[in-house]
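Listed below, chain by chain, are the residues.
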Amino acid sequence: MNVKHAYSYSVQFLERNGVDEADFKSLCLVCHLAGINNSEYSLHTDDLINDSILGDCLWKIKSGVPLQYVLGKWDFYDREFYVGEGVLIPRPETEELVEIAIKLSSAYKSPIIYDLCAGSGCISSCVARHISGAKVYSIEKSSDAFEYLKKNCGNEQNIELILGDINDNFDIPSADMILSNPPYIKSSVIADLQIEVKNEPVIALDGGEDGLFFYKLICNKWMNKLNENGTLILEIGEEQGEDIKNIFSSYQCEIKKDMYGNNRIAVIKK
């Protein structure tokens, strides 16, 4: 089957099965199988792809497997990251956390940076590449996610990977910046999430009864590891801004909106 027919077939198949964003997912899948970028689709419509592999991938997407897992990688900021079962999929909102971190890093010379709940390593890798002289300590609890962290960041000399729980104590230098996209969804809401999201690891989503467990932990345990005049940058749920201000009431806390106008990033100064 050529690329053009594969795309048309994929759109129809996904739409018939009630899959949202059928056009976008079909384009991503077909271009991936053809080994081209999405923007190159029109130049390769006569290229051939394997019908059997296409069919297997479409059935996975139909069953609720995230597109990103089917593809095995996903774009974030300025590079691709390996993703798959057991690791949180990088999202555009988190790119805004990275941009803020890079901008604010100019206040520090060769900063020590922590990435708590590092997951795929998308935050760690981007700040390590774009902040001059940075040394990044990436901490991740899940052994499944840690495998992707190693694949994505294992060759970067200024990143140290740590398999461990952020409840634990670590013998690492104090930080100038702490970054984190921790789990922040209320436990009671997990069952109502979209099927694709529910196929992502619960450990990366569940923020406890009130969704604030990890923010309280970071405040109580990790602010002590932040140098004076250091900066903590957190991704938060869009309805959690006031709660975050209350948790970090001893510090200067600013809530920033994302590209959609939602409260999404907390910047806390020590």
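Before reading further, recall that the structure is shown in the block above.
Sequence order as written defines residue numbering, which begins from 1 separately in each chain. For a predicted model such as this one, the threshold for reporting local features is a pLDDT of at least 70, and the threshold for listing and counting side-chain atom pairs is 80 or more; totals across whole chains, interfaces and linings nevertheless cover every residue. In computing side-chain properties, one takes all heavy atoms of the structure into account and sets aside hydrogens as well as water.

Trainee: An account of unusual backbone geometry is requested, with residue identities and associated values reported.
Mentor: A positive phi angle is found at Y77, which is not glycine, with a value near 60 degrees. Helix and strand definitions here come from DSSP, where helices need a minimum of 4 consecutive H or I residues and strands a minimum of 2 consecutive E residues; each element is numbered from the N-terminal end. Among the structural elements, Y77 can be located in the loop between β1 (73-76) and β2 (79-82). We note that S110 has phi near 45 degrees; this positive angle belongs to a residue other than glycine. Within the fold, S110 resides in the loop between α5 (92-104) and β3 (112-116). Any residue under 20% of the maximum accessible area for its type is buried, any over 50% is exposed, and the rest in between are partly exposed; the area is computed with a 1.4 Å probe on protein chains only. Judged by its relative accessible area of 41%, S110 is partly exposed.

Trainee: Any chance you could break down the pattern of salt bridges for me, citing the residues and the numbers?
Mentor: By convention in these notes, a salt bridge is any Lys or Arg side-chain nitrogen within 4 Å of a carboxyl oxygen on Asp or Glu. Inspection of the entire model under this criterion finds 13 salt bridges. For R91, the salt bridge is made with E200, and the minimal N-O distance between the two is 2.4 Å. Here R91 is found in the loop between β2 and α5, whereas its partner E200 is found in the loop between α8 (195-198) and α9 (213-222), with 109 residues between them in sequence. Taking the shortest distance from any N to any O, the salt bridge between R264 and D258 comes out at 3.4 Å.

Trainee: For the side chain of K25, give the residues involved together with the corresponding values.
Mentor: Among the secondary structure elements, K25 is positioned in helix α2 (residues 22-34). In this structure K25 comes out as buried when scored by relative accessible area, which is 7%. Of the polar contacts made by the side chain of K25, one reaches the side chain of D20; its length is 2.9 Å. Contact criterion: two residues are considered in contact whenever any of their non-hydrogen atoms come within 4.5 Å of each other. Aside from chain neighbours lying at most four places away, what touches K25 is L14, V19, D20, I61, L67 and E196. Throughout this description, a polar contact denotes any pair of N or O atoms lying within 3.5 Å of each other; where both atoms belong to protein, one of them has to be capable of donating a hydrogen while the other can accept it, and for residues adjacent in sequence the pair is counted only when both atoms sit in side chains.

Trainee: Any chance you could break down the pairing of strand β6 (residues 175-180) for me, citing the residues and the numbers?
Mentor: Remember that side chains alternate between the two faces of the sheet whenever the strand is regular. Of all six residues making up β6, six are buried, and the element is well covered by its neighbours. When DSSP finds two or more bridges between a pair of strands, those strands are recorded as paired. Examined bridge by bridge, β3 and β6 share four bridges and lie parallel to one another. From the neighbouring strand, D115 faces β6, where its bridge partner is L179. As defined by bridge partners, β6 adjoins strand β7 (residues 226-235) across five bridges and the pair is classed as parallel. Within the sheet, the bridge partner assigned to L179 lies in β7 and is I233.

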